[in-house]
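Listed below are the residues making up each chain.
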Amino acid sequence: MEKQQLVSKDTLAVLEALVNAEVAFMIVGNSAAVLQGAPVVTVDIDLWFGKNQLEKAKAVLKPLGISIVSGFGVSHLPPQFCGPGTEILDIVLTAQGLASFEKELKKSLDIELGDFSVKVLRLDRVIASKKAANREKDRAVISQLESALLTISRKS
Amino acid sequence: MSYRFNKQSLVDLAKERGMSAAAVLRRAGVSRNAYYNLINKSSLLPNSVEQIAEVLAVSPEQLIVADNSEEAKIKRKMLFVQKLLKDNPELDTGTSMTTLKLLELSPLQRLEISIRYGKAAASF
């Protein structure tokens with residue numbers, strides 16, 4: 001029996017469409033750490049968008065049958081993707097403990113996801129963000145992320 | 001990269017010269033214990049290799065091969081973590097080992113594994 005793909009072709013198609021249309025975004029959070037080799041778990045892929053980039057993303061994703069539903073006033077709830085392949089994609093509009101989107105984007109890494117590359121927040125910046133957010137779930141992984149960063153930086 | 005003694009090379013080269021491997025070892029003055037260490041330990045004994053090479057009239061490099069077995073790879077990772085820990089006592093060694101293993105996978109494979117575990121944990 002074929003193993004179920006957790007990051008589906010549809011999900012990759014969404015990311016590739018955004019990259020090809022030059023929508024300014026990067027992967028942040030635990031998924032960013034994982035892509036760099038840190039052994040932490042995640043259930044979704046957080047996408048941090050630059051200013052005014054969501055409108056652009058909406059237009060790019062419409063042909064794929066994907067819409068972006070706004071939080072319509074629900075406190076702290078960012079807009080949500082709706083459509084095929086977006087089940088594990090989350091939208092992030094602000095990130096704690098980080099410089100501006102533009103500054104972080106300049107320092108971000110290009111990581112290959114099959115046939116294309118995406119911008120990914122650097123691991124040291126993921127740690128800075130988690131330290132600033134300081135939620136229980138952030139504190140739980142900081143030590144692991146720091147050990148991973150040490151290992152990765154020494155390995156390279 | 002670690003290296004290991006290539007037992008098969010010894011047998012083949014000895015045969016080409018009309019000798020048995022045991023005879024080569026005897027002539028080289030390599031004891032049973034030294035030979036055992038040579039083929040079973042991760043560290044090579046340069047003297048023994050050189051002595052055997054001399055009897056066979058080959059370069060010592062012809063008797064050793066790079067060890068790329070899974071066991072050797074794990075050993076190399078463990079050594080790396082051990083060194084890292086020396087300078088960084090706060091290091092989580094388990095995390096460091098797993099990181100080294102994950103670095104051998106593609107980013108997409110890492111993401112798949114992470115989400116698989118994440119979803120399993122979330123379902124409890």
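Sequence order as written defines residue numbering, which begins from 1 separately in each chain. The naming scheme follows written order: chains are lettered A onward, ligands numbered 1 onward. Local features are withheld for residues below a pLDDT of 70 in this predicted model, meaning they are given only at 70 or higher, and side-chain atom pairs are given and counted only at 80 or more; totals for whole chains, interfaces and linings count all residues. Only hydrogens and water are removed before side-chain values are computed, so all heavy atoms of the structure are retained for them.

A.B. asks: Where do I start with the confidence of the model for chain A in this structure?
C.D. replies: Confidence of the predictor in every single residue is expressed as pLDDT, which spans 0 to 100. This prediction gives chain A a mean pLDDT of 92; 95% of its residues lie at or above 70. Working definition: helices are DSSP H or I runs of at least four residues, strands are E runs of at least two. Numbering for both runs from the N terminus. Highest mean pLDDT in chain A belongs to strand β1 (residues 25-28) of chain A (98); lowest belongs to strand β3 (residues 67-69) of chain A (93).

A.B. asks: What is the right way to read unusual backbone geometry from this model?
C.D. replies: As a rule of thumb, non-glycine residues mostly have phi less than zero, and peptide bonds are mostly trans rather than cis. Non-glycine residue Asn134(A) carries a positive phi angle of around 50 degrees. Within the secondary structure, Asn134(A) sits in the loop between α5 (123-133) and α6 (136-155). Note on classification: 1.4 Å probe, protein chains only; a residue is buried when its accessible area is under 20% of the maximum for its type, exposed when over 50%, partly exposed between these limits. Asn134(A) gets classed as partly exposed once you look at its relative accessible area, which sits at 41%. Unlike most non-glycine residues, Ala57(B) shows phi in positive territory, near 55 degrees. Summarising the element assignment, Ala57(B) is placed in the loop between α4 (46-56) and β2 (64-66). The exposure class of Ala57(B) is exposed, given its relative accessible area of 65%.

A.B. asks: So what exactly am I meant to see when it comes to the packing of aromatic side chains here?
C.D. replies: Any aromatic ring pair is given by two values, namely how distant the centres are and how the planes are angled relative to each other. Geometry of aromatic contacts follows a simple scheme: Phe, Tyr and Trp rings, the Trp one being its six-membered ring, pair when their centres are within 6.5 Å, and the pair is stacked under 30 degrees between planes, edge-to-face over 60, tilted otherwise. In total, this model carries four aromatic pairs over all chains according to the counting rule given. One aromatic cluster in this structure is built from Phe25(A), Phe49(A) and Phe81(A). Its end group placed over the ring of Phe80(B), Lys155(A) keeps NZ or CZ at 5.3 Å from the ring centre. Consider the ring centre and the ring normal. A charge sits over the ring if Lys NZ or Arg CZ is within 6 Å of that centre and within 35 degrees of that normal.

A.B. asks: Before we go on, may I ask you to explain the nonpolar core in this structure?
C.D. replies: Taken as a class, soluble globular proteins show a tendency for nonpolar side chains to be buried jointly. Residues grouped as a nonpolar core are buried Ala, Val, Leu, Ile, Met, Phe, Trp, Tyr and Cys residues, joined through side-chain atoms within 4.5 Å. Among the nonpolar cores identified, the biggest contains 50 residues, and Leu18(A), Leu47(A), Phe49(A), Phe81(A) and Leu145(A) are the most heavily contacted of them. Here a residue-residue contact requires only that any non-hydrogen atoms of the pair lie within 4.5 Å. Setting aside residues up to four positions removed in sequence, Leu47(A) forms contacts with Leu15(A), Leu18(A), Phe25(A), Met26(A), Ile27(A), Phe81(A), Leu89(A), Asp90(A), Ile91(A) and Val92(A). Counting 18 residues, the second-largest nonpolar core is a separate cluster that includes Leu13(B), Leu25(B), Ala28(B) and Ile52(B).

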